[in-house]
Amino acid sequence: MTAVNEMVSDSLFDNFSAVDSPNDANYVVDFLTDTNSGADFWSQAMIMLLKVSPPIILILGMFGNIMAIIIHRRLSRQSAMSLYFVALAVADIGLLVFGLVQVWTRYEFAFDVEDLTEVTCRVYAYGLYVSGAMSAWLLVAVTLQRAASVVVPHRVNALCTRGVSQTIIAAISITLISLHAHIIYGKLLRPEAFVNVTLPRDCYFIDQHYEAFFFNVWSWFDLLVFSVTPFAILLLSNIVLLKTVVMSVRTARHRLAVGDPGQVNSREKRASSLTVTLIALSFTFFLLTMPYCAYLLSYAYVMELIGGDSEKESFHQFLHVIANQLWYLNSAINFYLYCLTGHRFREEFMKIVVTCRVRLTDSNDKRQILTSKQRT
């Protein structure tokens, strides 16, 4: 989906020359303040959203994903599934750094991180596409593995091991890194010899043939394989997961109707805790990424309907920005879902909070003692 994202985003960002031209650093500010510029309400709202939303998502996402890595690394000693969540947090950090940072700097600071050097030109594009694909397929992998362990519980000891999880994560990583390797070849910082008034020194495609391949072939392959297909697999997996868990709970209640109620609750909690977390992650994935998928799939049709109406086009671009920010929000929210649905995760997080509080208190006490000694 990130490839189609770039295709649509380029048409959006081209309306603001500050994105591409280092000589127009104050263009965005002038655009917002100049009443004769023709900027309507939706254009101003769009730019304001792109200035305010990204730093909030970045702060929440970086803190949350770093905490998720720390906590799930501890939990991985008890559950092999936590390895997936560590890898997912790393992928989400990559998506925020390589994608959202670039969007923010374009509008807040009027420069594109991709255009700084040859390295950033190639690495940022490559990192964005790999991170986005890994985020989706790691969620698919952990959900499928959990669904398989529920459907065939007698194989759970063979399916849910650290070795199996590490192998699957490595296979996904190697496959996606290899599939996207062509982006490193296909992106290039425009040589200074070709830079002029109409051609800024920006990150562009190496030639017209690769550009045609990227937008006409790869963009739709990207949308199908890294967005639509994960959607379908997650939907089916969660249906199986929900149905199997509900049946298991009913069977356990029936068998233990005359037994210890505490035993029933304990079994239910052990069986459903991870399932609830995965269902919450999947539902959030659907909710936050589906608007962007729908936008990209309908883009050509809607633009044809709009024609040359500037107000409708501005509103359409505003919807694009909202869908885009929701898509990035999906990479920033998982930590808070873990806290909401995972009992063990909350316990580990509270242990970290308590430890930090104790250390801070001890540090303040030592500082006060040292200060009092110096005064005496």
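Just so we're clear, the structure is a prediction, and the values are computed from it rather than from any experiment.

About the thresholds
Residues numbered from 1 in each chain as written. Predicted model: local features only at pLDDT ≥ 70, side-chain atom pairs only at ≥ 80, totals over all residues. Heavy atoms only, no water. Disulfide = S-S within 2.5 Å. Helix = DSSP H or I, 4+ residues; strand = E, 2+ residues; numbered from the N terminus. Buried < 20%, exposed > 50% of the residue type's maximum accessible area, 1.4 Å probe, protein only. pLDDT = per-residue confidence, 0-100. Contact = heavy atoms within 4.5 Å. Phe/Tyr/Trp six-rings, centres within 6.5 Å; stacked < 30°, edge-to-face > 60°.

Draft legend 1. Just the state of the cysteines, in detail. Evaluation of the coordinates by the stated rule reveals 1 disulfide. The disulfide that involves cysteine 121 links it to cysteine 203, with 1.9 Å between the sulfurs. Given an S-S torsion of about 75°, the disulfide between cysteine 121 and cysteine 203 has right-handed geometry. Separated by 82 residues along the polypeptide, cysteine 121 in helix H5 (residues 118–151) and cysteine 203 in strand S2 (residues 203–205) bring together distant segments of the chain. Grouping residues by exposure puts cysteine 121 and cysteine 203 together as buried.

Draft legend 2. Representation of the environment of tryptophan 220 in the model. The residue tryptophan 220 is located in helix H9 (residues 208–255) in this model. For tryptophan 220 and leucine 297, which are 77 residues apart along the polypeptide, the C-alpha to C-alpha distance reads 9.4 Å.

Draft legend 3. Spatial organisation of the confidence of the model for the protein. When the pLDDT values of the protein are averaged, the result is 79; 75% of them are 70 or greater. Confidence drops under a pLDDT of 50 for residues 13–39, and excluding neighbours within four residues, the segment shows 35 contacts in the predicted structure.

Draft legend 4. Here's a closer look at the packing of aromatic side chains. A full pass over the atoms with the stated rule returns 28 aromatic pairs. Judged by centre distance (5.8 Å) and plane angle (50°), the rings of tyrosine 129 and phenylalanine 214 are tilted. Here tyrosine 129, found in helix H5, pairs with phenylalanine 214, found in helix H9; they are 85 residues apart in sequence, far enough to count as distant. In this structure, tyrosine 129 and phenylalanine 214 share a single accessibility class: buried. Look at phenylalanine 221 and phenylalanine 226: their rings are 6.2 Å apart centre to centre, the planes differ by 90°, and that puts the pair in the edge-to-face class. In textbook terms, an aromatic cluster arises when at least three aromatic residues are bridged by ring pairs, as seen for Phe63, Phe85, Phe335, Tyr336, Tyr338, Phe345 and Phe349.

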